[in-house]
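Listed here are the chains, written in short residue letters.
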Amino acid sequence: MAVLALLAAASVVIFEQFVQWRYGPVGIVGLLLLTVGIKAKSPTCSSIGAVVLALTMTGPAL
């Protein structure tokens, strides 16, 4: 069970580093808002985070 928790934590850190490398600080803010909104069960916060991430990912296409 400890190995599973360690693997999950490592994957989260790797994903956060990828988002920061690829999308910069705005991507981290969007990911943070989405995560906090899901954990706090706040649809407003998670929706704002999802919109920020979506705009960050599709920004150059617009």
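Scroll up to find the structure this text is about.
Trainee: Would you explain the environment of lysine 39 in this entry?
Mentor: Relative to the assigned elements, lysine 39 resides in helix α1 (residues 2–39). Separated by 19 residues in the primary sequence, lysine 39 and glutamine 20 have C-alpha atoms spaced 21 Å apart.

Trainee: What should I look at first to understand α1 in this one?
Mentor: It helps to recall that an α-helix has 3.6 residues per turn; residues three or four apart then point in one direction. A rise of 1.5 Å per residue sets the reference length of α1, with its 38 residues, at 56 Å; its end C-alpha atoms lie only 22 Å apart and thus fall more than 12% short of the reference. Its axis deflected by about 135° at tyrosine 23, α1 carries its strongest bend there, up to four residues before the proline proline 25. Here α1 has its buried residues at Val19, Gly24, Gly27, Gly30, Leu31 and Gly37. Those residues of α1 that are buried lie in contact with α2 (43–58). Immediately downstream of α1, the backbone of lysine 41 shows phi near 55°, a positive value.

Trainee: Explanation requested: the packing of α1 against α2 in the structure shown.
Mentor: Geometrically, a packed helix pair is captured by the angle between its two axes and the distance between the axes. Where α1 meets α2, the axes come as close as 7 Å, and the angle between the chain directions of the two elements is 155°. Considered as vectors, α1 and α2 are oriented roughly antiparallel to each other. Relative to α2, α1 is oriented so that their crossing is left-handed. The residues of α2 that touch α1, namely those facing Tyr23, Val26, Gly27, Gly30, Leu31, Leu33, Leu34, Val36, Gly37 and Ile38, are Cys45, Ser46, Ile48, Gly49, Ala50, Val52, Leu53, Thr56 and Met57. In terms of residue class, the contact of α1 with α2 is made up of 13 nonpolar, 6 polar and no charged.

Reading guide: rules and limits
- Residues numbered from 1 in each chain as written.
- Predicted model: local features only at pLDDT ≥ 70, side-chain atom pairs only at ≥ 80, totals over all residues.
- Heavy atoms only, no water.
- Helix = DSSP H or I, 4+ residues; strand = E, 2+ residues; numbered from the N terminus.
- Expected span 1.5 Å × (residues − 1).
- Bend = angle between axes of the 7 residues up to and from the residue.
- Buried < 20%, exposed > 50% of the residue type's maximum accessible area, 1.4 Å probe, protein only.
- Contact = heavy atoms within 4.5 Å.
- Axes fitted to C-alpha atoms, helices over the stretch in contact; angles between N-to-C directions.
- Parallel < 35°, antiparallel > 145°, perpendicular 65-115°, else oblique.
- Left-handed = near helix turned anticlockwise from the far one by under 90°.
- Nonpolar A, V, L, I, M, F, W, Y, C, P; charged D, E, K, R; others polar.

Bear in mind that shape data such as this cannot, by itself, settle questions of function.
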